[in-house]
Amino acid sequence: SFKLTNHIKQHSPFQAFFAEGSAPEFGVQPRQGQLEPYGKDGTSFIVSFLPTVYGKPKIGTLIIQTEEM
C-alpha cells in the first residue's frame, strides 16, 4: 500500500488501472475516486497480487490517471 497526492493543490478525479500487457494477477483499490491535493496526507492505494502459478516472475505497470496527467 502507498499514499499519493496530486501535483497541484486541488482534488482531482482519478482512475487507477494496470497497463495493457500487465499480468492479470495484479489488482489495485480504489480504481477511481478523488486524488488528494498536494500538501495533504494523500489518497491511499492498495496493490494486490494473487498468483495462480508460483515461480514465474510477473510484471505490471500501474497507471493512476487524472484529467491533468
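None of the values given here were measured: they were computed from a predicted structure.

Engineer: Can you help me understand the pattern of salt bridges in this one?
Structural biologist: Opposite charge on two side chains permits them to pair, given that their charged atoms come into close proximity. In the structure shown here, the tally under the stated rule is one salt bridge. The partner of K58 in a salt bridge is E25, and the shortest N-O contact between them spans 3.6 Å. With a gap of 33 residues between them, K58 in the loop between β5 (43–49) and β6 (62–66) and E25 in the loop between β2 (12–18) and β3 (26–29) connect regions that are remote in the sequence. With relative accessibility at 30%, the residue K58 sits in the partly exposed group.

Engineer: When you look at the environment of P30 in this model, what are you seeing that I'm missing?
Structural biologist: Turning to its location among the elements, P30 is positioned in the loop between β3 and β4 (32–35). When the C-alpha atoms of P30 and S48 are compared, they prove to be 11 Å apart, with 18 residues separating the residues in sequence. When neighbours within four sequence positions are excluded, P30 is seen to be in contact with F14, A16, S44 and F45.

Engineer: Where do I start with a nonpolar patch on the surface in this structure?
Structural biologist: A cluster of nonpolar residues, F2, L4 and V47, forms a patch on the protein surface that exposes about 200 Å² of accessible area. Relative to the helices and strands, F2 resides in strand β1 (residues 2–4). We classify F2 as partly exposed; its relative accessible area is 31%.

Cut-off values and rules
Residues numbered from 1 in each chain as written. Predicted model: local features only at pLDDT ≥ 70, side-chain atom pairs only at ≥ 80, totals over all residues. Heavy atoms only, no water. Salt bridge = Lys/Arg side-chain N within 4 Å of Asp/Glu carboxyl O. Helix = DSSP H or I, 4+ residues; strand = E, 2+ residues; numbered from the N terminus. Buried < 20%, exposed > 50% of the residue type's maximum accessible area, 1.4 Å probe, protein only. Contact = heavy atoms within 4.5 Å. Patch = residues over 30% accessible without salt bridge, like charges linked within 9 Å, V, L, I, M, F, W, Y side chains within 5 Å. Areas by Shrake-Rupley, 256 points an atom, 1.4 Å probe, with all protein chains shown as cover.

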